[in-house]
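# Working through the structure, step by step
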Amino acid sequence: MCYLLFVVAFLQFSDVGGIKTTKNYWTLKPNVIVVDVDVAQDMNIVEVPLICGEEFEGTNVTWTKNQGEHLEAFGNRIIVTVDGWKGANYSCYNSEGTILNNTLVLAHWTFRKFIKNTPEKGYIHCSSKNYSGSFQCSWTWGNNRNGHVAVVAHIKATRSHSGNQISCSLDSSGQSITCLDQHYCHYAEEVDLINLTIYFRSSYVIEAYYKQFHIMDIVRPDTVDIKRINQTSVKLEYPHSWNTPSSYFPLIFQVKEIRCRKRKKCDCSKPSSAETYSTQSYQLSVTKGMTVCVRAQDQFCNSSWSEWSHYK
């Protein structure tokens, strides 16, 4: 399985070529360096050490910035002065002009421009259909993305204490990820929090969004199946995606009856004067001519209710 997860580690350079460097930069993943920008300052000048590759030590290496601007510095190891507000792509070449490697330097802004913040879901919304260790997270793109299309540059997900890595992949829409904790045991108490960081890149700017949660905090069952027994009663069935046995993973149901006009779609989520009650019973008595609305929640966790399902 291909993992998209890389451990964020601070660079250990402190003296390269006899030049002392600052420490406000770090590696996001191989060949990607991030410079932290202090938005309170107008100038963020950072000296960053670059290396073409250990195998090119002692060879004639030249460098370009953004594949167009030739740098005066040469050799396998160089120091570049980076304006923290402006990242760049640095490439190294051999004496024949063949590209050997490249390093992307990104400016890490603390602004929040790439994705939207919503009152109900925040920047990143995560949910899980059950206790299988799988969960999904999604977001909505912001209107101001620095004039460029933002993309997911990196995903990091780990358990807070054990450090176990959680594999995540970007969905085809580009607006959500699917993650799986292969060490998760749905019969055991979930102690470790999930630490999730998603890095979004637009041009040479990167923003980081962080979220911390348990799967039990984000679990949301699929819709309840409602089956007719007779004219005055219906049977409720657990979602097929929910964990079994139901005695160990019980759901509680919320029920209400509403009157729906003919030829109009019933919307159980709309506020109404109908009395709502909770029950664990699988069989319900219903009023003839009325529409019964049902949704479910994990009985033991104050997590999200499922979407309403209805039967007339």
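Residues numbered from 1 in each chain as written. Predicted model: local features only at pLDDT ≥ 70, side-chain atom pairs only at ≥ 80, totals over all residues. Heavy atoms only, no water.

### Brief notes about the sheet that holds strand S22 (residues 283-285)
Within a sheet, each strand pairs with its neighbour through backbone hydrogen bonds, oriented either parallel or antiparallel. Under the convention used in this document: Strands are treated as partners if at least two bridges between them are detected by DSSP. Comment: elements are numbered from the N terminus, with helices defined as DSSP H or I runs of at least four residues and strands as E runs of at least two. All axes here are fitted lines through C-alpha atoms, helices being fitted over the stretch that makes contact, and every angle between N-to-C directions spans 0 to 180 degrees.
Pairing within the open sheet is antiparallel, and its three strands lie in the order S18-S19-S22. Two strands bound the open sheet, and with one partner strand each, they are strand S18 (225-230) and S22. Taken pair by pair, the neighbouring strands of this sheet meet at an average axis angle of 30 degrees, ignoring direction. Summarising the sheet, S18 and strand S19 (residues 233-237) pair through five bridges and their orientation is antiparallel. Residue Ile226 lies in a different strand from S19, and its bridge partner there is Leu236.

### A closer look at unusual backbone geometry
The line we're drawing: Partly exposed residues are those whose accessible area sits between 20% and 50% of the maximum for their type, while under 20% is buried and over 50% is exposed, using a 1.4 Å probe and protein chains only.
Cis geometry marks the peptide bond from Thr244 to Pro245; its omega dihedral reads 0 degrees. Within the element layout of this structure, Pro245 appears in the loop between S19 and strand S20 (251-258). Despite not being glycine, Asn66 shows a phi value in the positive range, around 55 degrees. Here Asn66 lies in the loop between strand S6 (62-65) and strand S7 (69-74). Phi at Gln67 is positive, roughly 60 degrees, even though this residue is not glycine. Tracing the sequence through the fold places Gln67 in the loop between S6 and S7. A relative accessible area of 55% means that Gln67 is categorised as exposed.

### Let's talk about the UniProt feature "domain: Ig-like" (unreviewed entry) in the protein
Heads up, the rule is: UniProt positions are given in the numbering used here, feature names are shortened, and annotations may be inferred rather than shown by experiment.
Feature annotation in UniProt assigns "domain: Ig-like" (unreviewed entry) to the following positions: residues 30-92. In residues 30-92, the share of helix is 0% and the share of strand is 54%. The end C-alpha atoms are 15 Å apart.

### Quick word on the confidence of the model for the protein
Heads up, the rule is: The pLDDT value expresses, per residue, how confident the predictor is, ranging between 0 and 100. Residue contacts follow a heavy-atom distance rule, with two residues in contact if any of their heavy atoms lie within 4.5 Å.
Here the protein shows a mean pLDDT of 88. Residues at 70 or above account for 91%. Between residues 1-22, whose pLDDT stays under 50, and residues either more than four places distant or in other chains, the model counts 59 contacts.

### With respect to the state of the cysteines
Our working definition: Working definition: a disulfide is two cysteine sulfur atoms within 2.5 Å of each other.
Going through the model one piece at a time under the given rule, you end up with five disulfides. A disulfide bridge connects Cys52 with Cys92, and the sulfur atoms are separated by 2.1 Å. Its S-S torsion of about 75 degrees marks the bond between Cys52 and Cys92 as right-handed, since a negative value means left-handed. Of the two residues, Cys52 sits in the loop between strand S5 (45-51) and S6 while Cys92 sits in strand S9 (residues 88-93), which places them 40 residues apart along the sequence. For Cys92, a relative accessible area of 1% puts it in the buried group. Here the bonded cysteines of the protein are numbered in sequence order, and their pairing is 1-2, 3-4, 5-6, 7-8, 9-10.

### What to know about the domain arrangement of the protein
Condition: The start and end points of each domain follow an automatic or database-based domain assignment.
Assigned domains of the protein: these are domain 1 (25-108), domain 2 (115-217) and domain 3 (225-311). Inter-centroid distance (C-alpha atoms) of domain 1 to domain 3 is 59 Å.

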